Amino acid sequence: MNLNPSLLNDHLTLNLNAKGMFAETNYPNYAAIGDAFRFDPTQSIYDKTSADANNFAGYFQWRSNGAFLKDPNYPFSHNNKAPANPVAALDLYYERAYSRSFVGSADIDYKVHGFEDLRLHLTLGADISEGTQNKRVPATAPAAFYYGSYGAANKLKRNLSLSMYAQYFKDFNEKHHFDVMGGYEWQHYWRDENKDYRGFYPITNTTAKRGMETEHEPFHSRTENYLVSFFGRANYTFLNRYFLTATVRDDGSSRFKKHWAWFPSFAFAWKAKEENFLKDVNALSDLKLRLGWGKTGQQDEIGDYNYFAIYNINTGTQSFYPILENGRLNMPQAYDPLLMWETTTTFNVGIDWGVLNQRLSGSIDWYYRNTTDLINNADAAAGTNFKNRVDTNIGSLRNTGVEATLSWKAIQSKDWYWTIDYNVTYNQNRITDLVGANSKPIETGNSVHSGTGTKVKAYAVGQSASAFYVYQQAYDANGKAIEGAIVDRNEDGIINNDDRYFYKQSAAPVTMGLASRLEYKKWDFGISFRANIGNYVYNDVEASRSNMNELWNSGYLEQRPKSTIDLNWQTSKWVQSDYFVRNASFLKCDNITLGYSFERVLKTGSWHGLSGRLYATASNVFTISKYKGLDPEVFNGIDYDLYPRPTSFILGLSLNF
Amino acid sequence: MKRYIKHILPAAAMLLSVGLSSCIGDLDVTPIDPNKRTELDPVALFNQCYANLAIEGLDGPGSSIVSAEDNGTTGLLRQLFNSNELTTDEAICRWGDPGVATMNTNEQGSSNAFLALLYNRLYLGISVCNHYLDVASGVDATRTAEVRFIRALQFYLAMDAFGNIGLPLTVSTEKPVQHTRKEVYEWLEKELLEVETLLAEPKAKKSTDAGYGRADKAAAWMLLTRLYLNAEVYTGTAQWAKAAEYAQKVINSDYKLFTAGTANYSAYQMLFMGDNGESGASVEAVLPLLQQGDRTAAYANTTFLIASTYNTDMPDNGISGTWAGNRARKDLVKKFFTGTPPTGNTATILAAANDDRALFYAVNRTLEIPTANDITDFKKGYSVVKFTGIKSDGSAVTNTGFADTDFFFFRVAESYLAYAEATARLNGGNATAQGIAYLNQLRQRAHAAARTSFSLNDILDERSREFYFEAQRRTDLIRYGYYGGNNSYNWTWKGGAATVAALIATATSSPCPRPTSL
């Protein structure tokens, strides 16, 4: 619902918005993706003939000895090392959330009577939502075998914001224009969560707990944070050619002990085309130079109470240590009282240009971005804090590069119209300072799925933040990778971590986009492409399944990609090899659209008839890449259980009455 | 115009300032999370000092106060097992985690992730103890003494594993200064001798008795025994007489060897079963680490010892975990047999060994682990069924996911062995009469034949038979000079070769871990 009244002779305008939503969301069992990939394809999905088939709801599952369950009806339990039946994982799972939200905002704008150059503005916003997520997993599902899991999570969220500013415009004379703005902003984020799950001991259980609930304890947490800012901006335009903007912000966050930090920025633009010496140059239709410098702050992805010396209390039912009284535990929280804002300083220079009366136009920008006091979860020296890792400011990062766009109106005639837009970016990313990494790289990123804690990426000063840190593989005369044959890069006679090196990176240094729009009379045809060049991906799908030694050993059979038979490695000892880091540069066609616009259909007398557009769109149409995995576009560079991106076809009709 | 400026601007300014002053103060928050508290609870903090030895975290198994990739690997006992057993002639592991696989062949380096977890777990425990001593030392003198003991125990384990460690006695952002092993030894000796007089009198307990799990004088004596027994390794000067003296104090105390087996289970077996805290076996436990599946559960304590040693083709172990990881090297099994060890189930092996302690399982197993690839095959090498979640009275576990089996960190049997070894070293390498008597008491408890004499090597073998898989072996091998360096004591896969090979000049301690992950 929206109200837009204008009062006091247009001096006071109000824009009031209220939106209510009720949503029902269905959550599937995401573990089914990994199960589907690992499960033995030669097994039947259903098993209705085994004596204990009912214990598994008629689905085939890998079994193990069930004597520990102490239930004569359960000679077997689910083998929890084996993948679960993916069809059962999806069917025997119910998780649905019902949520209600209210989003409201009020914009109040007031031009001061008699002093109309001054405008006062106030914005209030509220986003309140409440949701209940019910989960029911029966006792036949491997996820909660024998006991089942039933319960709900209740979440309440309240975000409030207030922003007010005053703005003053002045044109002194034709040459000078001036406006200044000052304001204040306040935001509050509050979250509350309550959850409780339990299972049941079946009646057939032989212990004293038969028929009873499993032990459970409700979990309750609550947290909040505040952001308060003061800001001001001044704009000055001279001769409509020279533009100067200065902005300053003083931001405060409740997440840091030292709440406040200053973030200024300045920008200058010169419309060179307006200059006398260029005004009459017809070949050039636009030329503008831009310069900017500014600082912004970041405080995301850390807890809300990082600098407090407080205790964490044990939760649940299984973390008591009964030395005294009931065995409750308090653990001091690891904290960094000096944690502060992460600051990014950006400097950029750009040129906007146009020729041939803007038939061909574009822009080119060079930027340099330095991020200092990077916030990350880093090692703390043993004995100095209450955890080995703590959120702290760990270093600096530099991003520098070039962005260029090009826009070409190839055909502009009565019936035909064709424009092509192209953009390309080159970015170079380097870590310039990192606590604790002065002598040896610090391993990072998600672990790969061979063993525990095996990583293939690392941070080091002078390297990209998304670089791979791997062994150099040696190959035989036919080009096949030899298991365990690693190049001894430092020639010290041992193969260990000192022989790893930085090889490629997962973030693409070059990205490009191309969009074309062709119109002929009432028809329109659009196509858009996207390309990443120089991004590499660690194929963990192949690496995690390459230990052929395990093929029959575990008591169950797992599916493997065909490439592992050709590779024929036996163990997973050498998966940190650059053999698995593959070039994943790609070209994707994101979108193809064909449309036909019409008007005055079914026109009768005074009624203007229907108008609208009929269109067909295909998205995620095709991908061209050398990468042999499912999809070369993997966010963090490690390809494991990626859910395939669908190609979709839409047929649409929009009508105006 | 004037009218408006007179009225509206002041009103707007007032509104702004009122709004501002109330809102800037909002940035000074106090935590509203019910799982956090600002006031000190000395009882809870005291419990936490002990809990760090036995469980991983505060939010149930699967959570941990030590940050790691897999929280279930951060527990103290698990990492002590890995660094003290996998690197020796007793245990070998199937898993491919680089932290574990390199320990199988003594190739663990300074970037070993599991050594880092051991280091972090110990220092986290030390920090909690330091914090208790900073804020709650006035509450109760005996509790303060116990916290000092636990802190000393963790410093000892760190010094034994890593050598020249830092010795922070308070929690501050100043980086701890590195001390030499000798300095740490001297501090430990002084601290333990002081604390010993303040601890409670030694008293054997069952899990239902008050104070079960707390350290008393006997715990201090046992730690002092270990300190003195290994003094030559730590400082260069041996202290055999003192080691024997403190071992004797434990033997003379209220704690005794447990000898009352039942019809179905031997006394030795019952020390490692699910009800070892209730059945009376705890008469031997000088410092038990508590475990109870429904209340005090962890992945890295006895649940790890039980689940990692069992496979799905073995008899029931009482809980749901059968992770098929750790098993015995040929060298351990052969300590129980003079000829070729037989295959077959546990009963067969026990009968052939004539020793209750030969708790192996060898149906569908081979004794040998011939090639490097065979290390990852659980069926190569005998399985060990010493630890189990089953209870001797047949009752059910409290939670099928986690064991109720307590872990006896210090057992009186260790004092018997320490006394025998220390006095033997003062007696030209042969056990004295009293030493022989004590060792025969251990053998008698295990229904093994008594012997008339024991050389130092015999005592080392007896230690292996009594304490295998209890996370002590590496220290013992180093003390005898059999671990690193050019010596003739070899075992399968020592240093990485299938055939027996010498491990060339290795340090007697692991290198201190560097920060390895972000």
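Since the structure is predicted, the reported quantities are computational estimates derived from the model, not experimental observations.

Draft legend 1. Looking closely at the pattern of salt bridges. Evaluation of the coordinates by the stated rule reveals 70 salt bridges over all chains. Asp 352 of chain A is the salt-bridge partner of Arg 290 of chain A, the closest N and O atoms lying 2.8 Å from each other. Of this pair, Arg 290 of chain A sits in strand S13 (residues 284–298) while Asp 352 of chain A sits in strand S16 (residues 342–355), and the two are 62 residues apart along the sequence. The exposure class assigned to Arg 290 of chain A is partly exposed, which follows from its relative accessible area of 22%. Three or more residues joined by partner-sharing salt bridges are found here, namely Glu 284, Asp 355, Arg 357, Lys 386, Arg 411, Arg 443, Arg 445, Glu 462, Arg 465, Glu 466 and Glu 470 of chain B.

Draft legend 2. Quick peek at the interface of chain A and chain B. Counting from both sides, the interface comprises 100 residues of chain A and, opposite them, 106 residues of chain B. Overall, the association of chain A and chain B removes approximately 9,000 Å² of surface from exposure, summing both partners, and the carbon and sulfur fraction of that is 59%. Summed over the three residues of chain A that lose the most area to chain B, namely Tyr 311, Gln 318 and Tyr 321 of chain A, the buried surface amounts to 9% of that side. On inspection of chain A and its partner chain B, the count reaches 2 salt bridges. Residues Lys 455 of chain A and Glu 69 of chain B are paired through a salt bridge, measuring 2.9 Å at the closest nitrogen-oxygen approach. Taken together, the connections running from chain A to chain B amount to 31 residue pairs in polar contact (both at pLDDT 80 or more). Its residues assigned to classes, the side of chain A that touches chain B shows 40 nonpolar, 44 polar and 16 charged. The pairing of strand S14 (residues 311–313) of chain A with strand S1 (residues 36–37) of chain B spans 2 bridges and is classified as antiparallel. What sits directly across from Tyr 311 of chain A, in S1 of chain B, is Arg 37 of chain B.

Draft legend 3. Spatial organisation of the sheet that holds S14 of chain A. Pairing is antiparallel across the open sheet formed by 3 strands, whose spatial order is S15(A)-S14(A)-S1(B). Two strands in the sheet have a free side with no partner beyond their single neighbour: strand S15 (330–332) of chain A together with S1 of chain B. Pairing analysis gives 3 bridges linking S14 of chain A to S15 of chain A, with the strands arranged antiparallel. If you follow Ile 313 of chain A over to S15 of chain A, its bridge partner there is Asn 330 of chain A. Docked against the sheet, helix H2 (residues 42–54) of chain B engages S14 and S15 of chain A, running at close to 80° with respect to S15 of chain A.

Draft legend 4. Up close: the nonpolar core. Ranked by size, the top nonpolar core spans 168 residues in total, and within it Phe 149, Phe 360 and Ile 459 of chain B carry the most contacts. Counting residues in each nonpolar core, the second largest holds 17 residues, with Tyr 471, Ile 486, Val 581 and Ile 638 of chain A among its members.

Draft legend 5. Representation of the sheet that holds strand S34 (residues 638–639) of chain A in the model. Residue and element names in this part refer to chain A. Across the sheet, which stays open at both edges, the 3 strands sit in the order S31-S30-S34 with mixed pairing between neighbours. In this open sheet, the two edge strands, each paired with only one partner strand, are strand S31 (581–583) and S34. Two strands pair when backbone bridges link them, and strand S30 (residues 536–539) and S34 are joined in this way by 2 bridges, in the parallel orientation. For Asn 539, the partnering residue across the bridge sits in S34 and is Asp 639.

Draft legend 6. Structural context of helix H17 (residues 456–467) of chain B. All names here are of chain B. Over its 12 residues, H17 extends 16 Å from the first C-alpha to the last, a length consistent with the 16 Å expected when each residue adds 1.5 Å. Judged by how many residues are buried, H17 sits mostly within the fold: 10 of 12 residues are covered. Every buried residue of H17 is accounted for by Leu 456, Asp 458, Ile 459, Leu 460, Glu 462, Arg 463, Ser 464, Arg 465, Glu 466 and Phe 467. Following H17 by one or two positions, Phe 469 has its phi on the positive side, about 65°.

Draft legend 7. Main features of the packing of helix H5 (residues 113–135) of chain B against helix H6 (residues 141–162) of chain B. Residue and element names in this part refer to chain B. Contact pair H5 / H6: the axes reach a minimum separation of 9 Å and the direction vectors enclose 155°. In terms of their interaxial angle, H5 and H6 are classed as roughly antiparallel. The chirality of how H5 crosses H6 is left-handed. The segment H5 lies against H6, with Leu 115, Leu 118, Tyr 119, Arg 121, Leu 122, Tyr 123, Gly 125, Ile 126, Cys 129, Asn 130, Tyr 132 and Leu 133 engaging Arg 143, Thr 144, Val 147, Arg 148, Ile 150, Arg 151, Gln 154, Phe 155, Leu 157, Ala 158, Ala 161 and Phe 162. Here the residues of the contact of H5 with H6 sort into 16 nonpolar, 4 polar and 4 charged.

Draft legend 8. Broad picture of the environment of Gln 239 of chain B. Residues and elements named next belong to chain B. The topology assignment puts Gln 239 in the loop between helix H9 (231–235) and helix H10 (240–251). Taking C-alpha positions, Gln 239 is 43 Å from Asp 377, a pair spaced 138 residues apart along the chain. Excluding anything up to four places from it in sequence, Gln 239 contacts Tyr 185, Tyr 228 and Ala 231.

Draft legend 9. Inspection of helix H3 (residues 76–85) of chain B at higher detail. Along H3 of chain B, 10 of the 10 residues are buried, which leaves the element largely enclosed by surrounding structure. Regarding H3 of chain B, the residues found buried are Leu 76, Leu 77, Arg 78, Gln 79, Leu 80, Phe 81, Asn 82, Ser 83, Asn 84 and Glu 85 of chain B.

Draft legend 10. Structural context of the pairing of strand S8 (residues 149–171) of chain A. All names here are of chain A. Where strand S7 (residues 118–137) and S8 come together, 20 bridges link them in antiparallel fashion. Bridge pairing links Asp 127 to Asn 159 in S8. Strand direction decides the pairing type here: S8 and strand S9 (residues 176–198), joined by 22 bridges, are antiparallel. Paired with Lys 157 across the bridge in S9 is Arg 191.

About the thresholds
- Residues numbered from 1 in each chain as written.
- Chains lettered and ligands numbered in written order.
- Predicted model: local features only at pLDDT ≥ 70, side-chain atom pairs only at ≥ 80, totals over all residues.
- Heavy atoms only, no water.
- Salt bridge = Lys/Arg side-chain N within 4 Å of Asp/Glu carboxyl O.
- Helix = DSSP H or I, 4+ residues; strand = E, 2+ residues; numbered from the N terminus.
- Buried < 20%, exposed > 50% of the residue type's maximum accessible area, 1.4 Å probe, protein only.
- Contact = heavy atoms within 4.5 Å.
- Buried area = accessible area lost by both parts, 1.4 Å probe.
- Polar contact = N/O pair within 3.5 Å; in protein donor to acceptor, adjacent residues only side chain to side chain.
- Nonpolar A, V, L, I, M, F, W, Y, C, P; charged D, E, K, R; others polar.
- Pairing = 2+ DSSP bridges.
- Axes fitted to C-alpha atoms, helices over the stretch in contact; angles between N-to-C directions.
- Core = buried A, V, L, I, M, F, W, Y, C linked by side-chain atoms within 4.5 Å.
- Expected span 1.5 Å × (residues − 1).
- Parallel < 35°, antiparallel > 145°, perpendicular 65-115°, else oblique.
- Left-handed = near helix turned anticlockwise from the far one by under 90°.

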